[in-house]
Amino acid sequence: METPWVEKYRPKVLKDIVGNEETVDRLKVIAEAGNMPNLIIAGPPGTGKTTSILCLARALLGEDVYKEAVMETNASDDRGIEVVRNNIKMFSRKKVTLPPGRHKIVILDEVDSMTSAAQQALRRTMEMYANTTRFALACNTSEKIIEPIQSRCAVLRYTRLSDAQLLKRLLEICDQEMVPKVEEGLEAIIFTAQGDMRQAINNLQSTYAGFGMVNAENVFKVCDQPHPLLVQAIVAACIEGDIDKAYGGMQELWGMGYAPVDIITVFFRIVKQYDMPEYLTLEFVKEIGRTHIRVLDGVDSFMQLTGLLARLVNISRAAATTHS
């Protein structure tokens, strides 16, 4: 069975990691010095948090010892206190022959979803085995990690990858796998991925596997997101103050069966990039944000979306009157 491209092209050494150069440089310094502190790596999904730690572990321990001396566990599967008491303690006690001055490494993914009691138990474990084991905690938001753990760790922050960084990596993979593509197809993948390398590579592989050709139409079929051009037309109608045209476009999108939350998300991205006066962009974003909250609260009817259009058209008309 073919390896998923996400795993096949996962970097093995720190210098191959894309983006977040300053943070990766700090990890390189740690790898050279050889003394790894406890770490918290915080940032959005698909930006290379876990991959960075695995690369650091390889650099510190070497490929031979790495398998024995690194424990990787996902805290969202095993949130409870038992996991800390049993699995992590057992591993911390385990005798492993390490290179001089090195430590065993526990990698905990999604620590922000661990229960408070489990985090308290983890804090105690980090203290008890400080001489033999180092902890690398990956999370989306460090605020959900209890203060005592935060104070014991160096915090590294990751940000979303830029479009150029995603594009460079996608082109490398396309060359390796000989994927037929057009520029619009790669742009569509970057649009749907929103700075998430994992999603970008998965979408590329899915589109290639499903259609054999990476173009915009195929990408949006695979990702099942409203086509940006359709949403763009609706936004343009709102700016012109043409409620009938905007309503017609929304009716078409709704008829295609897209979830309101997907429609709103694409709306937000389009408005953010749309070439219009800044005050109008800010007002539009404010309204889209309010509607997004209502949709997430469960009020996701067609009326909610058409109400948004009416408010956007009113904003445009009021702006036209004021600035004419």
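Definitions and cut-offs
Residues numbered from 1 in each chain as written. Predicted model: local features only at pLDDT ≥ 70, side-chain atom pairs only at ≥ 80, totals over all residues. Heavy atoms only, no water. UniProt positions renumbered as here; feature names shortened; annotations may be inferred. Helix = DSSP H or I, 4+ residues; strand = E, 2+ residues; numbered from the N terminus. Contact = heavy atoms within 4.5 Å. Domains from an automatic or database assignment. Buried area = accessible area lost by both parts, 1.4 Å probe.

As recorded in an unreviewed UniProt entry, the protein chain goes by Replication factor C subunit 2 and comes from Salpingoeca rosetta. In its Subcellular location (unreviewed entry) section, UniProt records this for the protein chain: "Nucleus". If you open the UniProt record of the protein chain and go to Sequence similarities (unreviewed entry), you find "Belongs to the activator 1 small subunits family."

1. Observations concerning the environment of Ile88
Within the secondary structure, Ile88 is located in helix H4 (residues 81-93). Ile88 sits 129 residues away from Glu217 along the chain, and the two C-alpha atoms are 47 Å apart. Every residue in contact with Ile88, bar those within four places of it in the chain, is listed here: Met71, Val83, Leu108, Leu122, Thr125 and Phe135.

2. Considerations on the domain arrangement of the protein chain
Segmenting the protein chain into domains produces domain 1 (5-157), domain 2 (163-223) and domain 3 (228-323). Computed over C-alpha atoms, the centres of domain 1 and domain 2 are 30 Å apart. Interface area, domain 1 with domain 2, both sides summed: about 1,200 Å², of which 60% is carbon and sulfur. The largest contributions to the domain 1 side of the interface with domain 2 come from Trp5, Val6 and Tyr9, which together make up 60% of the buried area.

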